[in-house]
Amino acid sequence: MNGEEPMDVEPVEDVTFVRPFIITGGRAEPLQADLRLETLVVAVGVPDESLTFERRHIVAVCEQPTTVAEVASRVGVPLGVAKVLVSDLVVAGRLDCREPEELPLQMLERIRDHVRAL
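Bear in mind the structure is a predicted one, so any value in this text is a computation, not a measurement.

Here is what the cut-offs are and how they apply
- Residues numbered from 1 in each chain as written.
- Predicted model: local features only at pLDDT ≥ 70, side-chain atom pairs only at ≥ 80, totals over all residues.
- Heavy atoms only, no water.
- Helix = DSSP H or I, 4+ residues; strand = E, 2+ residues; numbered from the N terminus.
- Buried < 20%, exposed > 50% of the residue type's maximum accessible area, 1.4 Å probe, protein only.
- Contact = heavy atoms within 4.5 Å.
- Areas by Shrake-Rupley, 256 points an atom, 1.4 Å probe, with all protein chains shown as cover.
- Polar contact = N/O pair within 3.5 Å; in protein donor to acceptor, adjacent residues only side chain to side chain.
- Salt bridge = Lys/Arg side-chain N within 4 Å of Asp/Glu carboxyl O.
- Core = buried A, V, L, I, M, F, W, Y, C linked by side-chain atoms within 4.5 Å.
- Pairing = 2+ DSSP bridges.

Caption draft 1: Focus on the overall build of the chain. Counting its secondary structure elements, the chain contains five helices and three strands. Starting at the N terminus, the α and β elements of the chain follow one another as α-β-α-β-α-α-β-α. The burial tally for the chain puts 27% of its 118 residues in the buried class. Restricting the contact set of the chain to residue pairs at least 6 apart, pairs at least 24 apart contribute 70%. Of the roughly 8500 Å² that the chain leaves accessible, carbon and sulfur atoms contribute 57%.

Printed below as a string of structure tokens:
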């Protein structure tokens, strides 16, 4: 053969993949609608066995203040899933939210100008 894989071989499925709707219990909307990508979340206490794997992992990741976007990246879940899980943990009292201060207009304009210059 010419080094190509035979056509009758089926690709191997990733058996560790879990569908996002399973992780969130079928929910697509977070309980707290005000969570933003830059919202800082920090753990209240330590993760314990009463939490599911993903939620326990999020609490561990959030030992130091971490953005919601960074939580999604470090846990390896889509952003929407991270927002649902983070909001569940905030409502349960396992995480605390800290909204960063709004950037002044002058700072936003400087950022815009630098991005345009790229």
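That shown, we press on.
Caption draft 2: Geometry of the side chain of aspartate 88. Considering the arrangement of structural elements, one finds aspartate 88 in helix H4 (residues 79–91). Among the polar contacts listed, one links the side chain of aspartate 88 to the side chain of arginine 55, at a separation of 3.0 Å.

Caption draft 3: Inspection of the pattern of salt bridges at higher detail. Within this structure, the stated rule accounts for five salt bridges. Aspartate 48 is paired through a salt bridge with arginine 94; the nearest N and O atoms lie 3.3 Å apart. A residue pair is termed long-range when its members are at least 10 positions apart, and aspartate 48 in the loop between strand E1 (40–43) and helix H2 (53–61) and arginine 94 in the loop between H4 and strand E3 (95–98) qualify at 46 residues. Note on aspartate 48: relative accessible area 31%, which makes it partly exposed.

Caption draft 4: Up close: the nonpolar core. One finds Val41, Ile58, Cys62, Val71, Val86 and Leu95 to be the most contacted residues of the largest nonpolar core, which totals 20 residues. Sorting the residues of this core by element identifies E1, H2, helix H3 (68–75) and H4 as the ones contributing at least two each.

Caption draft 5: Highlighting the pairing of E1. Relative to strand E2 (residues 66–67), E1 runs antiparallel, the two being bridged by two bridges. Looking at E2, one finds that valine 41 is bridged to threonine 66. Sheet analysis places E1 next to E3, joined by four bridges and oriented antiparallel. The partner of alanine 43 across the bridge, within E3, is leucine 95.

Caption draft 6: Molecular detail of the side chain of arginine 94. Among the polar contacts listed, one links the side chain of arginine 94 to the side chain of aspartate 48, at a separation of 3.3 Å. Beyond its immediate chain neighbours, meaning those up to four positions away, arginine 94 contacts Val42, Ala43, Val44, Val46, Asp48, Ser50, Leu51, Val59 and Leu89.

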